[in-house]
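Secondary and tertiary structure notes
Spelled out from the first residue to the last, the chains are:
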There are 2 protein chains.
Amino acid sequence: MAQRRELIKGSIDSLLLCLIVEQPMYGYRIIKELESRSQGYFKFKEGTLYPALHRLEKSGLIQGRWQVLSTGQQRKYYSMTAKGKASLADSRTKWLDFLSAVSMIIRPSEA
Amino acid sequence: MAQRRELIKGSIDSLLLCLIVEQPMYGYRIIKELESRSQGYFKFKEGTLYPALHRLEKSGLIQGRWQVLSTGQQRKYYSMTAKGKASLADSRTKWLDFLSAVSMIIRPSEA
DNA sequence: GTATAATACCTAGTGACTCTAAGTATATGT
DNA sequence: ACATATACTTAGAGTCACTAGGTATTATAC
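The sections below set out a description of the structure shown in this document. Residue indices begin from 1 for each chain and proceed along its sequence in written order. Chain letters and ligand numbers both follow the written order, the letters beginning at A and the numbers at 1. Side-chain atom pairs in this predicted model are given and counted only at pLDDT of 80 or more, local residue features only at pLDDT of at least 70, and totals for whole chains, interfaces and linings cover all residues. Computation of side-chain values: all heavy atoms of the structure, hydrogens and water removed.

What to know about the pattern of salt bridges
Pairs can form between side chains of opposite charge once their charged atoms are near each other. This is how it is decided: By convention in these notes, a salt bridge is any Lys or Arg side-chain nitrogen within 4 Å of a carboxyl oxygen on Asp or Glu. A run of H or I in DSSP becomes a helix once it reaches four residues, and a run of E becomes a strand once it reaches two; helices and strands are each numbered from the N terminus. When accessible area is computed with a 1.4 Å probe and restricted to protein chains, residues below 20% of their type maximum are described as buried, those above 50% as exposed, and intermediate ones as partly exposed.
According to the stated counting rule, one finds 14 salt bridges over all chains in the structure shown. Note that Arg37(A) is salt-bridged to Glu22(A), the shortest N-O span being 2.8 Å. Of this pair, Arg37(A) sits in helix 3 (residues 27–37) while Glu22(A) is found in helix 2 (residues 12–22), placing the two residues 15 residues apart along the sequence. Between Asp90(B) and Lys94(B) there is a salt bridge; the shortest N-O distance is 2.7 Å. Of this pair, Asp90(B) and Lys94(B) both sit in helix 5 (residues 82–105), four residues apart, which is roughly one turn of the helix. The class for Asp90(B) is partly exposed, based on a relative accessible area of 37%. Taking relative accessible area as the criterion, Lys94(B) reaches 33% and is therefore assigned partly exposed. Three or more residues are tied together by salt bridges with common partners; here these are Glu22(A), Arg29(A), Glu33(A) and Arg37(A).

Take a look at the structure:
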């Protein structure tokens with residue numbers, strides 16, 4: 001029944017890769033970026049995002065590097081690997097396949 | 001990484017409701033119907049479908065009734081309840097919201 | 001000066017749910 | 001007799017978002 005949660009579950013990796021391929025990004029920024037781009041729809045919790053980033057890094061799709069700001073603050077910037085780019089292309093295809101399959105069932109018929 | 005599986009997870013309830021609202025249906029038929037309508041994309045296993053139907057029935061969205069064919073075979077036909085219809089309308093809205101949110105992130109930009 | 005909020009990261013535990021893999025039973029075709 | 005299709009059931013494994021807690025720094029407000 002937690003429909004929203006489950007829908008998100010299948011797309012979070014693609015969403016993260018989509019942002020990181022544009023430019024290296026750190027976790028906190030990604031959360032804010034997804035929220036603003038989706039006009040408030042996506043509000044990822046840290047408990048969702050950080051494990052997801054670690055998972056992607058472990059799979060070799062992105063690579064993290066610590067950076068220290070002049071203020072002393074630390075940030076972990078993630079950038080895309082070649083493997084990540086390939087995976088993103090693949091994900092996009094899968095997403096479109098899924099979309100077209102669903103649209104064959106869930107027609108925008110009037111209720 | 002099991003992207004496909006997770007994508008499906010968020011939409012299976014809506015897909016089932018979509019079919020059942022058209023006409024009462026039984027499990028085995030639903031599996032075949034989803035497969036043919038999606039041109040082979042959806043191939044639900046029994047272990048996925050039957051628990052999902054039981055879940056929907058338990059929530060009061062559909063109602064099952066056993067029917068015995070002239071051959072002696074038994075089938076459990078599920079039909080839509082008022083609550084189910086309302087839920088379907090709601091799911092459709094949620095699905096469209098999700099779609100539009102994702103499309104704001106995953107643009108069909110060239111790889 | 002000292003709360004409070006914002007920035008920035010981490011993770012153990014819970015709960016939800018698909019799928020695997022097994023089982024039961026009848027009907028039909030070979 | 002045996003295989004295949006129809007038709008339903010469920011225990012167990014594996015995955016992963018989210019809750020809820022933690023650490024640490026910086027900036028703003030009172």
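Comments concerning the pairing of strand 3 (residues 74–80) of chain A
All names here are of chain A. Stated formally: A strand pair is defined by DSSP finding two or more bridges across the two strands.
Pairing of strand 1 (residues 25–26) with strand 3, which is carried by two bridges, proceeds in the antiparallel orientation. By the bridge assignment, Tyr26 is partnered in strand 3 with Tyr77. Summarising the sheet, strand 2 (residues 62–68) and strand 3 pair through seven bridges and their orientation is antiparallel. Directly across from Ile62, in strand 3, lies its bridge partner Met80. Taking the residues between adjacent antiparallel strands as the criterion, strand 2 and strand 3 are bridged by five residues, where Gly72 takes a positive phi near 105°.

Observations concerning the relation of the copies chain B and chain A
Selection rule: Superposing the copies works by least squares over the C-alpha atoms of residues that have pLDDT at least 70 in both of them. Whether two residues touch is decided by their heavy atoms; if any such pair falls within 4.5 Å, the residues are in contact.
Once turned by 180° and shifted 0.0 Å along the axis, chain B lies on chain A with an RMSD of 0.0 Å. Those values place the two copies in the arrangement expected of a two-fold rotation axis. Of the C-alpha atoms belonging to chain B, the one lying closest to the rotation axis is found on Leu7(B), 2.9 Å away. A shared interface surface links the copies, since 100% of the contact residues of chain B are contact residues in chain A too.

Thoughts on the interface of chain B and chain A
The condition that has to hold: Throughout, buried area stands for the accessible area (probe radius 1.4 Å) lost by two parts on being put together, summed over both. Whenever a nitrogen or oxygen atom comes within 3.5 Å of another N or O atom, the pair is scored as a polar contact, on the condition that within protein one atom can donate a hydrogen and the other can accept it, and that pairs from neighbouring residues in sequence are kept only if both atoms are in side chains. Each residue gets one of three labels, nonpolar for Ala, Val, Leu, Ile, Met, Phe, Trp, Tyr, Cys and Pro, charged for Asp, Glu, Lys and Arg, and polar for the others, Gly among them.
Contacts between chain B and chain A engage 36 residues on the former and 36 residues on the latter. For the chain B and chain A pair, buried surface summed over both sides reaches about 3700 Å², with 71% attributable to carbon and sulfur atoms. Scanning the region where chain B abuts chain A turns up zero salt bridges. The tally of links from chain B across to chain A stands at zero residue pairs in polar contact (both at pLDDT 80 or more). With eleven residues, the single largest contributor to the side of chain B that touches chain A is helix 5 of chain B. For the side of chain B that touches chain A, the per-class residue count stands at 19 nonpolar, nine polar and eight charged.

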